[in-house]
Amino acid sequence: TTPYFVPDTATIVNLATAGRRGIDVTVVVPKRNDSHLVALASRANYAPLLNAGVKILEFEGGLLHAKTITIDRQVGLVTSSNLDRRSFDLNFEAGVLVFDSDFASNLRFLQQSYMDRSVKVSRDEWNRRHWARTVVENAAGLLSPLL
């Protein structure tokens, strides 16, 4: 889960590779963001992930500000870092990586509550959206190193 999903190329490639390998990868982002430009840049990254089998869910309950990752209900990460270049390259962020199945399971339960209030982005519908929308999102994506 992340409120600002504007990752670097390496992150996109790694998520897509995991999806293609059959690993169940789900990204949960807010449906409406507090920054229209960030929302557009975020959506510029959807197509390669959806085409690789990554699930993208858009949270409908407001600005989801949780920054969490769970892996196999064994590992949990809670962090101040968004999944964006600014957090990775410029900001000083903090996080806690916990190797504990109880913690990871509880965090996964919280994530599931977000997923239950989200709508799944359909790959087929996404690939059929109007070309003008794609152009605007990709243009915003060019600014992603600044966001």
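For the structure, check the block above.
So, a few notes on the structure that sits alongside this text. All values derive from a computational prediction rather than experimental measurement.

1. Quick notes on unusual backbone geometry
Turning to step 1, where the next piece is worked out: Its identity is not glycine, yet D72 carries a phi of approximately 50°, on the positive side.
Turning to step 2, where the next piece is worked out: Residue placement: D72 occurs in the loop between strand 4 (68–71) and strand 5 (75–79).
Turning to step 3, where the next piece is worked out: The phi angle at R73 is positive, at roughly 50°, despite the residue not being glycine.
Turning to step 4, where the next piece is worked out: Topologically, R73 is positioned in the loop between strand 4 and strand 5.

2. A closer look at the sheet that holds strand 3 (residues 55–59)
Sheet strands pair via backbone hydrogen bonds, and the direction of the pair is either parallel or antiparallel.
Turning to step 1, where the next piece is worked out: Reading across the sheet, the three strands line up as 2-3-8 and stay open at both edges, with mixed pairing between neighbours. Edge strands, defined here as strands with exactly one partner in the open sheet, are strand 2 (26–30) and strand 8 (118–120). Taking the axes of each pair of neighbouring strands and ignoring which way they run, one obtains an average angle of 30° across the sheet.
Turning to step 2, where the next piece is worked out: Of the pairings in the sheet, the one linking strand 3 to strand 8 comprises three bridges and is antiparallel in character. In the strand pairing of strand 8, F59 is matched with S118.

Conventions adopted
- Residues numbered from 1 in each chain as written.
- Predicted model: local features only at pLDDT ≥ 70, side-chain atom pairs only at ≥ 80, totals over all residues.
- Heavy atoms only, no water.
- Helix = DSSP H or I, 4+ residues; strand = E, 2+ residues; numbered from the N terminus.
- Pairing = 2+ DSSP bridges.
- Axes fitted to C-alpha atoms, helices over the stretch in contact; angles between N-to-C directions.

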